[in-house]
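So the chains spell out like this:
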Amino acid sequence: MAERSFVREVEELKLGEGDIFRGEGILAITKALLQSGVSYVGGYQGSPISHLMDVLADARGVMDELGVHFESSASEAAAAAMLSASVMYPVRGAVTWKSTAGTNVASDALSNLSSGGVTGGALVIVGEDYGEGSSIMQERTHAFAMKSQMWLLTPRPNLTSIVEAVETGFELSEASNTPVMLQVGIRSCHVHGEFVAKDNKRPAFTLKDAVENPKRDVNRIVLPPAAYVHEKEKLEKRWPAAVEFVASRKLNEHFGPETGRVGLVLQGGLYNSVMRALQHLGLADVYGQSAVPLYVLNVSYPLIDQELVAFCAGKDAVLMIEEGQPEYIEQALSLILRRADLQTKLAGKDLLPRGGEYTSQVLARGLTAFFDAHAPEILGNRPPVPSADAVLADPKVKALAGVVPARPAGFCVGCPERPIFAAMKLVEKELGAHHVSADIGCHLFSILPPFNIGGTTMGYGLGPASASAFNVDAKKRPISIMGDGGFWHNGLNTSVGNAVFNRQDGVIMVVDNHYAAATGGQDILSSRAENPDRSTNNSIVTAVKGVGAKWVRHVDRTYDVAKMRDTLKEALTSPEKGPKVIVASSECSLNKQRRVKPIFAKAVKNGERVVKERFGVDEDVCTGDHACIRLSGCPSLSVKHTADPLKDDPVAAIDNGCVGCGNCGEVSEAAILCPSFYKADIVFNPTKTDRFLARLRARVITFLQRRRETRRVAFA
């Protein structure tokens, strides 16, 4: 069950020649693939291209009609390896994943692919998740493109440019026998707009044709002596072919006046932000007319030397705008200007931040500094505007830091992973702190308050592998954690298999929430859902035992905090040697709500009797020590002031965001805290029996309350 359904939107993929396609960037990419005659598509979900995988899955019917093969790959490496179909055969293939994390995983296959080259067009669509809002390490796809000699497209963030980049990406790949990377950012993926559609194309040469007519070219295989020839072919044939194609097709664009004292060179993906910054400075209008010459790199690699020389010639200075570090393009441009003996001054990371996302505000400051230094007259008369440092130094702004609390990322309401870490904190209180190796996934939030668990994270499915160095004789055992998504992605072999093979005496916790929850809730091998297109319900426990693990425990309801605590304690204290594997299973709360809410709403509408569980705190019983919050951290569990004059501290309270998971009560019971939590059943469409029982309970409660009040008055 993915984060959202695109069943309605994919109908737009059937539009033909001359029709106007309106929608999101992700849908436009899918439509462009179909218009390009793609034969196969694969990939692994991840921000910001998760929805591309979801669109492709929902568009299965459209793709089947065209004879296009699609599959959700087990990992980015599996997706990249698919492109080998384009090495020997004239078939177009595309794969997608989150970069740079996904590119790192796929690097082995990509290196071999780029060395031998391709016959059919091979396109790698990478979602560049960069900047403050990113969930991964800050690296750039550009580095990999240069390292492996793969061409990198960075189209302007509008649907027409993105679609053209997909179509020309295949052509560029075939013209230069080189795989091409298409980099799109968060704004590109989710920008809305329109473009003129074309007819979808059936592949001229199908995968069926390839299988039935196998071909073999030793020169395309990465083996000596061919591997040495590939390097020469890249330099003497593929690179010149790519440069000629980009230049002849004018893939890079010019905007603004043809001449000027200064100019801007920028990556295509930054075009919208740059135009917005220029608009703030009064140097562009809302229609995209710029008063400053712009050279837009829709192809960031390879650079077209003669175009850059022509743009920079006659200018006093140019500003190179590229997001991220190091400044690869700026360094290359500096070399190009030097070789051409141009005296044009080059600015870049000296005026713009070396790292971080280039928002329009950041760009406006950099552009102002550039124009002040090289063309101050272009800005005209400007009112004095306080600098960013001055604003931050304002006492009123500083005071906000003391009022607005920090809000670290955390688990969702009802998350089944929260009780796992509550249990770990209880065990920690009894046995002391242990080294914890974390992994990629929702469980990373345990590193932050209130749990403060986890010391390292090395990669998807590598949590247990990153604890392997601690396989030494010690009084404590290391604990490692990975999710079910990471387990099937890489962890079964690299982590569990490695631990079994090396007889690692540690504890491995596999958090099984039934989906690839962190990437949008897609089904995986162990999902409990019945998926008509995928093989699900494959047991993690069976897989773990299949690679030789002996000590395996399965907790099928993580909300049972006491059982989780006892199982973890047993694993840490067991005299048995070798890896101790705990599979902790409960359905992802977000996906459960997506699945259950429509069913619940339909039942209520149809007049069926349904019950919703809600939890609350009896403020008369609550002592206000808030230990329940420190061991839970649920967003729906908060505090409120009470009218009781004998209680100075606020008491615990549960707001309407509660989904009835029961974790707060379970934690309180396991930690022997207090009995202030209660459960209430809200009955929709109650029966006569429900109404009778409700009246009876109300009378009994009223009787007891009156009796207590009478006694209180009597003893007052």
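Residues numbered from 1 in each chain as written. Predicted model: local features only at pLDDT ≥ 70, side-chain atom pairs only at ≥ 80, totals over all residues. Heavy atoms only, no water.

Undergrad: Which residues make up the overall build of the protein chain, and what are the values?
TA: If you tally the helices and strands in the protein chain, you get 25 helices and 24 strands. Seen along its three principal axes, the alpha-carbon backbone of the protein chain occupies a region of about 100 × 70 × 60 Å. Within the protein chain, the fraction of its 716 residues that count as buried is 49%. Excluding contacts between residues fewer than 6 apart, the proportion of contacts in the protein chain whose partners are at least 24 apart in sequence is 77%. Counting only carbon and sulfur atoms, one obtains 54% of the accessible surface of the protein chain, whose full area is about 34200 Å². Here the protein chain contributes 79 positively and 80 negatively charged side chains, and the mean placements of these two sets differ by 6 Å. (Helix = DSSP H or I, 4+ residues; strand = E, 2+ residues; numbered from the N terminus. Buried < 20%, exposed > 50% of the residue type's maximum accessible area, 1.4 Å probe, protein only. Contact = heavy atoms within 4.5 Å. Areas by Shrake-Rupley, 256 points an atom, 1.4 Å probe, with all protein chains shown as cover. Lys, Arg positive; Asp, Glu negative; His and termini not counted. Charge placed at Lys NZ, Arg CZ, Asp CG, Glu CD.)

Undergrad: Before we move on, can you summarise helix α6 (residues 101–116) with the specific residues and values?
TA: Between its first and last C-alpha atoms α6 spans 24 Å; for 16 residues at 1.5 Å apiece the expected length is 22 Å, and the two agree. Where α6 bends most, the angle comes to about 65 degrees, and this point is S107. Residues of α6 that are buried: G102, T103, A106, L110, L113, S114, S115 and G116. In the stretch just after α6, G117 is the one whose phi turns positive, near 80 degrees. (Expected span 1.5 Å × (residues − 1). Bend = angle between axes of the 7 residues up to and from the residue.)

Undergrad: An account of the sheet that holds strand β10 (residues 262–267) is needed here, citing residue identities and associated values.
TA: To summarise the sheet geometry, strands pair through backbone hydrogen bonds and adopt either a parallel or an antiparallel arrangement. With mixed pairing, the five strands of this open sheet are ordered in space as β9-β11-β10-β13-β14. Single-partner strands in this sheet number two, and they are β9 (253–255) and β14 (345–347). Strand-to-strand twist across the sheet, computed as the mean angle between neighbouring axes with direction ignored, equals 20 degrees. Judged from the five bridges that link them, β10 and strand β13 (residues 317–321) form a sheet pairing that is parallel. The residue bridging L266 from the neighbouring strand is I321, located in β13. Of the strands in this sheet, β10, β11 (294–297), β13 and β14 touch helix α14 (residues 328–339), which is tilted by about 180 degrees from β14. (Pairing = 2+ DSSP bridges. Axes fitted to C-alpha atoms, helices over the stretch in contact; angles between N-to-C directions.)

Undergrad: Can you explain the side chain of H489? Please cite residues and give values.
TA: Within the secondary structure layout, H489 lies in helix α19 (residues 484–501). Residue H489 is classed as buried on the basis of its relative accessible area of 9%. Setting aside anything within four residues of it in sequence, one finds H489 in contact with Y44, A74, S75, E76, V105 and Y460.

Undergrad: Account for the packing of α6 against helix α7 (residues 141–148), naming residues and giving values.
TA: For the pair α6 and α7, the least separation of the axes is 10 Å and the interaxial angle reads 25 degrees. What the angle tells us is that α6 and α7 run roughly parallel. Viewed along their axes, α6 and α7 form a crossing whose handedness is right-handed. Contacts between α6 and α7 pair T103, S107, L110, S111 and S114 from the former with F144, K147 and S148 from the latter. (Parallel < 35°, antiparallel > 145°, perpendicular 65-115°, else oblique. Left-handed = near helix turned anticlockwise from the far one by under 90°.)

Undergrad: Please provide a residue-by-residue account of the pairing of strand β2 (residues 40–43), values included.
TA: Burial along β2 is two-sided: the residues Y40 and G42 and V41 and G43 are all buried. In this structure, β2 lies alongside strand β3 (residues 69–72), joined through four bridges in parallel fashion. Opposite G42, over in β3, you have E71 as the bridge partner. As paired strands, β2 and strand β4 (residues 93–99) are joined by four bridges and run parallel to one another. When the sheet's bridge partners are listed, Y40 is paired in β4 with G93.

Undergrad: Report on the nonpolar core, specifying residues and quantitative values.
TA: Counting residues in hydrophobic clusters, the biggest one holds 89 residues, and the most contacted among them are L33, W97, L110, L123 and V124. Dropping the residues within four chain positions of it, L110 is found in contact with A80, W97, T103, V124, F144 and M150. A422, V507, A571 and A584 belong to the second largest nonpolar core, which has 29 residues in total. (Core = buried A, V, L, I, M, F, W, Y, C linked by side-chain atoms within 4.5 Å.)

Undergrad: Give me the lowdown on the pattern of salt bridges, citing residues and values where you can.
TA: Enumeration over the complete set of coordinates arrives at 29 salt bridges. For R477, the salt bridge is made with D505, and the minimal N-O distance between the two is 3.2 Å. Pair noted here: R477 is in the loop between β16 (456–457) and β17 (479–483) and D505 is in the loop between α19 and β18 (507–512), with a separation of 28 residues, a long-range link. In terms of burial, R477 and D505 fall into one category: buried. Salt-bridge contacts for K577 lead to D505; the nearest nitrogen and oxygen are separated by 3.7 Å. Of this pair, K577 sits in the loop between α21 (561–573) and β20 (580–585) while D505 is found in the loop between α19 and β18, placing the two residues 72 residues apart along the sequence. Overall, D505 belongs to the buried group, its relative accessible area being 18%. A single network of salt bridges, built from pairs that share partners, joins R477, D505, K577 and K580. (Salt bridge = Lys/Arg side-chain N within 4 Å of Asp/Glu carboxyl O.)

Undergrad: Just give me the short version of the packing of aromatic side chains, but keep the residues and values in it.
TA: For the structure shown, the criterion picks out 14 aromatic pairs. With a centroid separation of 5.7 Å and an interplanar angle of 90 degrees, the aromatic rings of W151 and W239 are classed as edge-to-face. Taken together, the residues span a long stretch of sequence, with W151 in strand β6 (residues 151–153) and W239 in helix α11 (residues 226–248) at a distance of 88 residues. On the accessibility criterion, W151 (1% relative accessible area) is buried. Aromatic side chains F255 and Y271 sit 5.2 Å apart centroid to centroid with 40 degrees between the ring planes, which places their arrangement in the tilted category. One end of the pair, F255, is in strand β9; the other, Y271, is in helix α12 (residues 271–280), with 16 residues separating them in the sequence. Since its relative accessible area comes to 8%, Y271 is described here as buried. Between the NZ or CZ atom of R156 and the centre of the ring of Y271, over which it lies, the distance is 4.8 Å. (Phe/Tyr/Trp six-rings, centres within 6.5 Å; stacked < 30°, edge-to-face > 60°. Lys NZ or Arg CZ within 6 Å of the ring centre and 35° of its normal.)

Undergrad: Pulling in residues and values, what's your account of the environment of K315?
TA: Residue placement: K315 occurs in the loop between α13 (305–312) and β13. Residue K315 is classed as buried on the basis of its relative accessible area, which comes to 7%. When the C-alpha atoms of K315 and P240 are compared, they prove to be 28 Å apart, with 75 residues separating the residues in sequence. Discounting chain neighbours no more than four positions away, the residues touching K315 are E258, G260, R261, V262, G263, P293 and T344.

Undergrad: Help me get a handle on the packing of α6 against α11, residues and values and all.
TA: Axis separation between α6 and α11 bottoms out at 8 Å; the angle between their running directions is 60 degrees. Classified by the angle between their axes, α6 and α11 sit oblique to one another. Packed against α6, whose contacting residues are S114, S115 and G116, the element α11 presents H230, K234 and R238 at the interface. Of the residues in the contact of α6 with α11, the class split is no nonpolar, four polar and two charged. (Nonpolar A, V, L, I, M, F, W, Y, C, P; charged D, E, K, R; others polar.)

Undergrad: Please provide a residue-by-residue account of the side chain of T344, values included.
TA: With respect to the helices and strands, the residue T344 is situated in the loop between α14 and β14. Looking at T344, its side chain comes within polar contact range of the main-chain oxygen of C312, at 2.9 Å. Looking at T344, its side chain comes within polar contact range of the main-chain oxygen of K315, at 3.1 Å. When residues no more than four places from it in sequence are discounted, the contact partners of T344 are C312, K315, D316, A317, V318 and L337. (Polar contact = N/O pair within 3.5 Å; in protein donor to acceptor, adjacent residues only side chain to side chain.)

Undergrad: Can you lay out the sheet that holds β4 for me, pointing to particular residues and giving the numbers?
TA: The strand order across the open sheet formed by seven strands is β3-β2-β4-β5-β7-β6-β12, and the pairing between neighbours is mixed. The sheet terminates laterally at β3 and β12 (299–301), the two strands that pair on one side only. Each strand of the sheet is rotated relative to its neighbour by a mean of 20 degrees, with strand direction disregarded. In this structure, β4 lies alongside strand β5 (residues 122–128), joined through seven bridges in parallel fashion. Looking across to β5, one finds that V95 is bridged to V124.

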